[in-house]
Amino acid sequence: GAGVSQSPSNKVTEKGKDVELRCDPISGHTALYWYRQSLGQGLEFLIYFQGNSAPDKSGLPSDRFSAERTGGSVSTLTIQRTQQEDSAVYLCASSPGTGLNIQYFGAGTRLSVL
Amino acid sequence: ILNVEQSPQSLHVQEGDSTNFTCSFPSSNFYALHWYRWETAKSPEALFVMTLNGDEKKKGRISATLNTKEGYSYLYIKGSQPEDSATYLCAFDSSGNAGNMLTFGGGTRLMVKP
C-alpha cells in the first residue's frame, strides 16, 4: 500500500510478556518515528530514526523499550516484560526527510496489558 | 523540553456551530507549525503546515492562523458537522531540518452532536 502500515492493529497480552510492534513506512521515507498515546494523554514521542544516523531514543520511558529499523525501512518496537501502564495506542509515522517535514502516520497498534 | 499546549482539551458543539481552539508554542526558534486531524480508529492526517507569521491556511470549512511573535495558532471550523468530530493536534517544528522531530501538543478533542 501507499501509506504507513502497522501491525498488529490490536494486541492483548499478559503482564510480564514481551511484545513486538511492527511499522512499515512509506517507501523512500528516510525518517521514522514512534509515538504512543495513553488514555487521556497527548501524543508522547518515543524514538526516531533518520537515515543512517544513530536513533534518537530520548523518549523511551524505560530500558524495557527498544526499537530497531532494518535496512532503513521496516521498524520493530519491542516492549519487554510488559506492565499495565504500557497499555496505549502506539503510532508510527514516517516523513520524506526533505521539505516541510510532514509526518505520515499509520493507524496505530492498540496494546492492552492485562 | 519544548512546551506546546492546546486548549481546550475537549469541546462539545452542536452541528452547525462554528468553533475554534488554540495551540501555543515557544516564540523562539520557530520554523513551522503543523495541524493534524486524528479521527477515531484512523491515522492522524496533516491538515496544514504554516511557516510565516500571519499565515492563514484554509481547507473547506477549516482554517488556521499563525502568530509566531506571540507563539500561538488558532484553528477555526465553520458550521461544524458530525464528521468533523476528531482530535486536532498541533505540532511545533523548531529545527528546520526535514526529518527531525516535531513536538506535539496534547490535542483538542472535538465532538459535534447532530
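Here, every reference points to the structure presented above.
Residues numbered from 1 in each chain as written. Chains lettered and ligands numbered in written order. Predicted model: local features only at pLDDT ≥ 70, side-chain atom pairs only at ≥ 80, totals over all residues. Heavy atoms only, no water.

1. Thoughts on the overall build of chain A
At step 1: Along chain A, the regular secondary structure elements total 0 helices and 10 strands.
At step 2: Relative to the globule expectation of 13 Å for 114 residues, the C-alpha radius of gyration of chain A, 13 Å, shows essentially globular dimensions.
At step 3: Along the three orthogonal principal directions, the C-alpha set of chain A runs to about 40 × 25 × 25 Å.
At step 4: Out of the 114 residues in chain A, the part that is buried amounts to 48%.
At step 5: In chain A, of all internal contacts separated by at least 6 residues, the share reaching a separation of at least 24 is 55%.
At step 6: For chain A, the accessible surface area stands at approximately 5,500 Å², while carbon and sulfur atoms represent 45% of it.
At step 7: The centroid of the 10 positive side-chain charges in chain A is displaced by 3 Å from the centroid of its 10 negative side-chain charges. (Helix = DSSP H or I, 4+ residues; strand = E, 2+ residues; numbered from the N terminus. Rg over C-alpha atoms; globule rule 2.2 N^0.38 Å. Buried < 20%, exposed > 50% of the residue type's maximum accessible area, 1.4 Å probe, protein only. Contact = heavy atoms within 4.5 Å. Areas by Shrake-Rupley, 256 points an atom, 1.4 Å probe, with all protein chains shown as cover. Lys, Arg positive; Asp, Glu negative; His and termini not counted. Charge placed at Lys NZ, Arg CZ, Asp CG, Glu CD.)

2. Concerning the state of the cysteines
Residue and element names in this part refer to chain A.
At step 1: Evaluated as defined, the whole model comprises 2 disulfides over all chains.
At step 2: Bridging Cys23 to Cys92, the disulfide has an S-S length of 1.8 Å. Across the disulfide from Cys23 to Cys92, rotation about the S-S bond amounts to roughly -65 degrees, and the bridge is consequently left-handed. Here Cys92 lies in strand E8 (residues 88–95) and Cys23 lies in strand E3 (residues 19–24), a separation of 69 residues in the sequence. (Disulfide = S-S within 2.5 Å.)

3. Quick look at the interface of chain A and chain B
Note: interface size is frequently given as the accessible area lost on complex formation between the parts.
At step 1: Each partner contributes residues to the interface: chain A has 23 residues there, and chain B has 21 residues.
At step 2: Of the roughly 1,700 Å² buried at the junction of chain A and chain B (both faces included), carbon and sulfur atoms supply 63%.
At step 3: If you look at where chain A meets chain B, you find 0 salt bridges.
At step 4: Inspection of the chain A/chain B interface yields 4 residue pairs in polar contact (both at pLDDT 80 or more).
At step 5: At the level of elements, strand E4 (31–37), strand E5 (44–50) and E8 of chain A are the ones that each hand at least two residues to the side of chain A that touches chain B.
At step 6: Within the side of chain A that touches chain B, the residues separate by chemical class into 12 nonpolar, 10 polar and 1 charged. (Buried area = accessible area lost by both parts, 1.4 Å probe. Salt bridge = Lys/Arg side-chain N within 4 Å of Asp/Glu carboxyl O. Polar contact = N/O pair within 3.5 Å; in protein donor to acceptor, adjacent residues only side chain to side chain. Nonpolar A, V, L, I, M, F, W, Y, C, P; charged D, E, K, R; others polar.)

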